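# Observations on chain architecture
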Amino acid sequence: QVQLEESGGGLVQAGGSLRLSCAASGRTFSRNAMGWFRQRPGKEREFVAGILWSGGDTEYRESVKGRFTISRDNAKNTVYLQMNSLKPEDTAVYYCAAGPSHHVYDYWGQGTQVTVSS
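Quantities reported herein were computed from a predicted structural model and do not represent experimental measurements.

## Topic: the nonpolar core
Considering soluble globular proteins, one finds that nonpolar side chains tend to be buried as a cluster. Among the nonpolar cores identified, the biggest contains 27 residues, and Leu 4, Met 34, Trp 36, Leu 81, Met 83 and Tyr 94 are the most heavily contacted of them. Within the residue set of this core, elements represented by two or more residues are strand S1 (2–7), strand S3 (18–26), strand S4 (33–39), strand S5 (45–52), strand S7 (68–73), strand S8 (78–83), strand S9 (92–99) and strand S11 (112–117). Ranked by size, the runner-up nonpolar core spans 6 residues in total, among them Phe 37, Phe 47, Leu 52 and Tyr 105.

Listed below in structure tokens is the structure:
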């Protein structure tokens, strides 16, 4: 089992920044990929960014490239999502996820709300 706990969401004005954190515990060694997803109001959940614990390979959704940065701290079993130049359309519940590889996620956090006002 892997437990994930997100933090760092909140309300920010357009153009502002937020940093989300995801602390992983349990059998984290069994899951090499960590990712961030979001679910915007009335939309399906969508992939935002992913990173591998080993090697640090990253992937991003096209609409966040250049604005969001995913990173990891292996010693703390924590993954971060630095979000800059936020837009109202980034408003969503953001979820942390863990899985065996990119695009395969089977553990999820509870989510944290990010609201960007115009």
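## Observations regarding the sheet that holds S3
Across the sheet, which stays open at both edges, the 4 strands sit in the order S1-S3-S8-S7 with antiparallel pairing between neighbours. Edge positions in the open sheet fall to S1 and S7, since each of these has one partner strand only. Taking each pair of neighbouring strands and ignoring which way they run, the sheet shows an average axis angle of 15 degrees. As defined by bridge partners, S3 adjoins S8 across 6 bridges and the pair is classed as antiparallel. Within the sheet, the bridge partner assigned to Ser 21 lies in S8 and is Tyr 80.

Procedures and definitions
- All chains use their own residue numbering, which begins from 1 and follows the written sequence.
- Local features are withheld for residues below a pLDDT of 70 in this predicted model, meaning they are given only at 70 or higher, and side-chain atom pairs are given and counted only at 80 or more; totals for whole chains, interfaces and linings count all residues.
- Side-chain figures throughout are based on the complete set of non-hydrogen atoms in the structure, without hydrogens or water.
- Put simply, buried Ala, Val, Leu, Ile, Met, Phe, Trp, Tyr and Cys residues joined by side-chain atoms within 4.5 Å make one nonpolar core.
- When a residue's accessible area, from a 1.4 Å probe over protein chains only, is under 20% of the maximum for its type it is buried; when over 50% it is exposed; and in between it is partly exposed.
- What counts as a helix is a DSSP run of H or I of at least four residues, what counts as a strand is a run of E of at least two, and both are numbered from the N terminus.
- Between any two strands, pairing holds if DSSP finds at least two bridges.
- Axis geometry follows a simple rule: fit a line to the C-alpha atoms, using only the stretch in contact for helices, then measure angles between N-to-C directions, giving values from 0 to 180 degrees.

The quantities given are spatial measurements derived from coordinates; they are silent on function.
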